[in-house]
Amino acid sequence: MENSPRSLIYLTRTSDQTLRGLLASRGWTIRVVSSAREAEREAMRDAASAGLLDLNSQFDKHELASLERCLSASKVGWVAAASAEQMADASIRRLIRDYCFDYVTIPCPDEKLVNALGHAYGMAALTVGAGEHAVSHGPLGEMVGSSEAMLKLFRALRKVSATDAPVFVHGESGTGKELCAQAIHDQSPRRRAPFVAINCGAITPQLLLSELFGYERGAFTGASQRKIGRIEAANGGTLFLDEIGDLPMEGQASLLRFLQEGVIDRLGGFESIAVDVRVISATHFDLDAAMREGRFRSDLYHRLCVLRIDNPPLRARGKDIEILARHVLERYKSDASRPLRGFSDDGVRALYNYDWPGNVRELINRVRRAIVMTDGRLVTAENLELEQTETPMLKTLAQARERAEREVIEQALERHPGRLVDVARELGISRVTLYRLMSALGMSAPKDDRDLREAAEG
Ligand SMILES: Nc1ncnc2c1ncn2[C@@H]1O[C@H](COP(=O)(O)OP(=O)(O)O)[C@@H](O)[C@H]1O
Ligand SMILES: [Mg+2]
């Protein structure tokens, strides 16, 4: 790491030539950028970089806010350079504290800056290196994934995060809908305000209304004190309505009013309260059917679903299945009775062959259970309780071909019992090829064909 060129993003409006010369002489490859947008583009590149944020560049408040996104890229270790005067500004101090690896107060000795950049680069490189070895993280920290389907999801999440419109997240159970909602909030301008989640399917309808909207003292028997609802609690931030399909009709009407007018009424209250909340909703079931059957209001649906995110099922994520499994193994392997080295070949195959109806949640549960159950050093298909699923699910082309070949040969053998010559002719292949195929498929040849077997083996 020491000798290869290290890359530095220099975000400045007044690019200091002397400084650039110094850094270049210390082995830095410098990319000068002058806006948050450019810096963000540079930060998206594959390799780790250090970043030098020149706060003397007269960024206005609005620009400083837009810097936060490029500053949060984990591949870049940022060092801020600010004057003592700027350090007196609370918003600058906060920006540095929240996003930068280190800072220098200028003027400062060259060596101090060079050292800080070196450390910042080293820390960023550790992050990138860890990602390459063990798991492939999305830009969203917790969300693991590098398949095409997940990259598409990450792009969509990034886009919707930048807006304030309601988002509807659709996806099978266990695909990470809640994680998506949290990621949208964490990347959005509301990230410093609360993220409040409520599962509409887990609470009785009556309780749900008071949970959502809150109530005044005396609103009903037992309401001995005013209670602030979840919508109000999310003020300034994001409200995540999970399993929105379970929201009863009464709640749907109140929620619609809130979405249309931005106000709520506490139960038993006399005045409407204005609330500034971004709404993200999710469900695993088919809302179209619920609307057709009159169980879900279509006007509410259209309000909720201004933007839509589709969370891919685990079986559509290719290599991510294995990456996630290894990630979970790393995370929980200390639960095992002795050190685990990884998955056996049949374990890996079983992971790919299985259909994962419970998606990531099921994968986490299976791997954690397997970790506890495993006696050996490798987690097998049997430990994962997936050993029986090897045949029914055809996942690779090779497996599909193998099964088709076996079926065709078996059928032809039934028509021409013991007569490989006729079987071969019917299938349009030579007898030798037929014999090779059968032995590759583990099928036993009729006894009287010993001569052929010898031909094939010879
Ligand atoms: N891409 C992912 N990377 C890592 N963990 C994930 C991912 N997707 C889901 N999970 C985990 O799987 C579990 C189920 O996710 P959740 O968001 O509750 O799913 P859903 O709301 O769609 O049922 C959680 O423990 C979550 O942390
Ligand atoms: Mg959920």
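Rules used throughout
- Residues numbered from 1 in each chain as written.
- Chains lettered and ligands numbered in written order.
- Predicted model: local features only at pLDDT ≥ 70, side-chain atom pairs only at ≥ 80, totals over all residues.
- Heavy atoms only, no water.
- Near = heavy atom within 4 Å.
- Polar contact = N/O pair within 3.5 Å; in protein donor to acceptor, adjacent residues only side chain to side chain.
- Areas by Shrake-Rupley, 256 points an atom, 1.4 Å probe, with all protein chains shown as cover.
- 1 Å grid on protein atoms, 1.4 Å probe; cavity = no way out; pocket = protein on both sides within 12 Å on 5 of 7 lines; lining within 4 Å.
- Sits in = over half its atoms within 2 Å of the grid points.
- Helix = DSSP H or I, 4+ residues; strand = E, 2+ residues; numbered from the N terminus.
- Nonpolar A, V, L, I, M, F, W, Y, C, P; charged D, E, K, R; others polar.
- Domains from an automatic or database assignment.
- Pairing = 2+ DSSP bridges.
- Right-handed = clockwise from strand over helix to strand, strands pointing away.
- Phe/Tyr/Trp six-rings, centres within 6.5 Å; stacked < 30°, edge-to-face > 60°.
- Buried < 20%, exposed > 50% of the residue type's maximum accessible area, 1.4 Å probe, protein only.
- UniProt positions renumbered as here; feature names shortened; annotations may be inferred.
- Axes fitted to C-alpha atoms, helices over the stretch in contact; angles between N-to-C directions.

Chemist: I would appreciate a short explanation of the site of ligand 1 in the present structure.
Modeler: Around ligand 1 there are 17 residues in total, and Val144, Gly174, Gly176, Lys177 and Arg361 lie nearest to it. Thr175 is positioned such that a nitrogen or oxygen atom in its backbone is 3.3 Å from an oxygen atom of ligand 1. If ligand 1 stood free it would expose 560 Å²; the protein chains cover 83% of that surface. Placement of ligand 1 is best described as lying within the second largest pocket. Going through the elements one at a time, helix 8 (177–187) and helix 16 (359–373) are the ones with two or more residues in the shell around ligand 1. Looking at the shell around ligand 1 residue by residue, the classes come out as seven nonpolar, four polar and six charged. Structurally, the shell around ligand 1 is a two-domain feature, drawing no fewer than three residues from each of domain 2 (148–310) and domain 3 (315–389).

Chemist: Just checking my understanding: could you explain the pairing of strand 2 (residues 28–33) for this structure?
Modeler: Remark: a regular strand shows side chains that alternate across the two faces of the sheet. The pairing of strand 1 (residues 6–11) with strand 2 spans six bridges and is parallel. Within the sheet, the bridge partner assigned to Ile9 lies in strand 2 and is Arg31. Where the polypeptide runs from strand 1 across helix 1 (residues 17–25) and back to strand 2, its parallel neighbour, the crossover connection is right-handed.

Chemist: Is there a simple way to explain the packing of aromatic side chains in this structure?
Modeler: The description of two aromatic rings rests on the distance between their centres and on the angle between their planes. Within this structure, the stated rule accounts for five aromatic pairs. Centre to centre, the rings of Phe195 and Phe240 are 6.2 Å apart; their planes meet at 20 degrees, and the pair counts as stacked. Of the two residues, Phe195 is situated in strand 7 (residues 195–199) and Phe240 in strand 10 (residues 238–242); the sequence distance between them amounts to 45 residues. Here Phe240 falls in the buried class, since its relative accessible area comes to 0%. For the pair Tyr354 and Trp356, a centre-to-centre distance of 4.7 Å together with 85 degrees between the ring planes defines the contact as edge-to-face. A relative accessible area of 0% means that Trp356 is categorised as buried.

Chemist: Looking at this structure, how should I read the pairing of strand 1?
Modeler: Burial analysis of strand 1 places six of its six residues in the buried class, which makes it a mostly covered element. The alternating pattern of strand 1 places Arg6, Leu8 and Tyr10 and Ser7, Ile9 and Leu11 on opposite faces, both of which are buried. Judged from the four bridges that link them, strand 1 and strand 3 (residues 49–54) form a sheet pairing that is parallel. Note that in strand 3 the partner of Tyr10 across the bridge is Leu52.

Chemist: In this structure, what is going on with the UniProt feature "domain: Sigma-54 factor interaction" (unreviewed entry) in the protein? I would like to understand it.
Modeler: Within the UniProt annotation, "domain: Sigma-54 factor interaction" (unreviewed entry) is assigned to residues 143–372. Summarising residues 143–372: 43% helix, 16% strand, and an end-to-end C-alpha distance of 24 Å.

Chemist: I keep staring at the domain arrangement of the protein and nothing clicks. Help me out?
Modeler: Put simply, an interface is often sized by how much accessible area is lost when its parts join up. Split by domain assignment, the protein resolves into domain 1 (6–133), domain 2 (148–310), domain 3 (315–389) and domain 4 (397–457). In this structure, domain 1 and domain 3 have C-alpha centres spaced 40 Å apart.

Chemist: Which parts of the structure should I look at to understand the sheet that holds strand 3?
Modeler: In a beta sheet, neighbouring strands pair by backbone hydrogen bonds and run either parallel or antiparallel. Ordered by their spatial adjacency, five strands build an open sheet running 2-1-3-4-5, and the pairing between neighbours is parallel. The sheet is open, and its two edges are formed by strand 2 and strand 5 (102–106), each paired on a single side. Neighbouring strand axes in the sheet, compared pairwise and without regard to direction, differ in orientation by 20 degrees on average. In terms of strand pairing, strand 3 meets strand 4 (residues 76–83) through six bridges, oriented parallel. Within the sheet, the bridge partner assigned to Leu52 lies in strand 4 and is Val79.

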